[in-house]
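Close look at the chain arrangement
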Amino acid sequence: RAVLKEAGIKTEIRQYPFARAYQMSQQEENVFEYCVVRTPEREKLFQWVGVVGPATQALMALKDRDVRIEKLEDLSRYTIGTVLEDAVDQYLRKHEQKLGLQLDRVADYELDMNKLFMKRFDIAGMNQLVGVYLAKKLGHSENELKVVYTIDDLRGEYYLVTGLKTSAETVKKLRSAFETVHKNGTYRKILDEYFSKSKAAILK
């Protein structure tokens, strides 16, 4: 909203399952999606508008469960909840057959986290900060979770993206607004508002 305001662009923000938004933003004009992890496989699918936040993709389990992951191959011992077409889902699907992974693919992140707390599967994969946020939203404590594996191949940043049909002029205007919001302190204030000081420090 801060970027749109800075750019003087009026729009409507709607929430969709990730897979649907991922498809819409590629196929339609003036449809934007956040947040999308920048990966080599996705590079040519979108115009990458601006950085929204860090992308630390984690596999999380309940702290009271005996889940231990030292290497990717260890994942075959557990069931893993992923969100359709998100970065973790796409990454694990590349290894699914070779490693014999058991993936439970769901439509959205809240359902993924809820099923983890219901013990419908052993591990949930998503951005670590999103996991913490959803745990609290669902009435749990972040202390009930533990990160059992971090996918180093997916370390990077989340972006606001749009498809190739959106005009270069619109993208340029939004990129300029992103730069302003990052430089004038607005971005920092937003992080401090939505995350505790300790969590915000992760995002520096």
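Residues numbered from 1 in each chain as written. Predicted model: local features only at pLDDT ≥ 70, side-chain atom pairs only at ≥ 80, totals over all residues. Heavy atoms only, no water.

Let's shift gears to the overall build of the protein. When helices and strands are tallied, the protein shows eight helices and eight strands. Whereas a compact globule of 204 residues would reach a radius of gyration of roughly 17 Å, the protein reaches 18 Å, a difference of no more than 12%. Over its C-alpha atoms, taken along the principal directions, the protein stretches across nearly 50 × 35 × 25 Å. Relative to its 204 residues, the protein shows a buried fraction of 43%. (Helix = DSSP H or I, 4+ residues; strand = E, 2+ residues; numbered from the N terminus. Rg over C-alpha atoms; globule rule 2.2 N^0.38 Å. Buried < 20%, exposed > 50% of the residue type's maximum accessible area, 1.4 Å probe, protein only.)

So, on to empty space enclosed by the protein. In this approach the atoms are scanned with a rolling probe the size of a water molecule, which exposes any empty space left behind. Applying the stated criterion to the full structure yields one cavity of 30 Å³ or more. Within this model, the largest cavity holds a volume of roughly 30 Å³. In terms of residue class, the lining of the largest cavity is built from six nonpolar, one polar and two charged. (1 Å grid on protein atoms, 1.4 Å probe; cavity = no way out; pocket = protein on both sides within 12 Å on 5 of 7 lines; lining within 4 Å. Points joined across faces, edges and corners; volume = space filled by probe spheres on them. Nonpolar A, V, L, I, M, F, W, Y, C, P; charged D, E, K, R; others polar.)

What follows is about the nonpolar core. Formed by 23 residues in total, the largest nonpolar core has its most connected members in Leu-59, Ile-69, Leu-75, Leu-92 and Ile-123. At the level of elements, strand 3 (57–62), helix 3 (87–99) and strand 7 (145–150) are the ones that each hand at least two residues to this core. With five residues, the single largest contributor to this core is helix 3. Ignoring any residue separated from it by four or fewer positions in sequence, one finds Leu-75 in contact with Leu-59, Ile-69, Ile-80, Leu-92, Leu-101 and Ile-123. Met-60, Phe-117, Phe-121 and Met-126 belong to the second-largest nonpolar core, a separate cluster that totals twelve residues. (Core = buried A, V, L, I, M, F, W, Y, C linked by side-chain atoms within 4.5 Å. Contact = heavy atoms within 4.5 Å.)

With that out of the way, let us pick up the sheet that holds strand 8 (residues 156–162). Pairing within the open sheet is antiparallel, and its three strands lie in the order 1-8-2. One side of each edge strand has no neighbouring strand; the edge strands of this open sheet are strand 1 (32–37) and strand 2 (47–55). Averaged over all pairs of adjacent strands, the angle between their axes in this sheet comes to 30°, without regard to strand direction. Where strand 1 and strand 8 come together, four bridges link them in antiparallel fashion. Among the inter-strand pairings, Val-36 is bridged to a residue of strand 8, identified as Tyr-159. Where helix 2 (residues 18–27) meets the sheet, its contacts fall on strand 1 and strand 8, and the angle it forms with strand 1 comes to roughly 115°. (Pairing = 2+ DSSP bridges. Axes fitted to C-alpha atoms, helices over the stretch in contact; angles between N-to-C directions.)

Turning our attention to the layout of surface pockets. Here the second largest pocket defines a volume of roughly 200 Å³. Lining the second largest pocket are 13 residues, and of these Thr-39, Glu-41, Tyr-91, Lys-94 and Leu-154 sit closest to its centre. The biggest single contributor to the lining of the second largest pocket is helix 3, with four residues. Partitioning the lining of the second largest pocket into residue classes produces five nonpolar, two polar and six charged.

Here we come to the packing of aromatic side chains. All told, the structure shown has four aromatic pairs when counted by the stated rule. Seen in terms of ring centroids, Phe-18 and Tyr-22 are 5.6 Å apart; in terms of plane orientation they differ by 25°. Their pairing is stacked. With a gap of four residues between them, Phe-18 and Tyr-22 both fall in helix 2, about one helical turn apart. Residue class for Tyr-22 comes out buried when judged on its relative accessible area of 8%. Their ring planes at 85° and their centres at 5.4 Å tell us that Trp-48 and Tyr-159 sit as a pair that is edge-to-face. Placement of the pair is Trp-48 in strand 2 and Tyr-159 in strand 8, with a sequence separation of 111 residues. By the burial criterion, Trp-48 is buried, and Tyr-159 matches it. Members of the aromatic cluster, each reached through a chain of ring pairs, are Phe-18, Tyr-22, Phe-46, Trp-48 and Tyr-159. The ring centre of Tyr-159 lies 5.0 Å from the NZ or CZ of Arg-38, which sits over that ring. (Phe/Tyr/Trp six-rings, centres within 6.5 Å; stacked < 30°, edge-to-face > 60°. Lys NZ or Arg CZ within 6 Å of the ring centre and 35° of its normal.)

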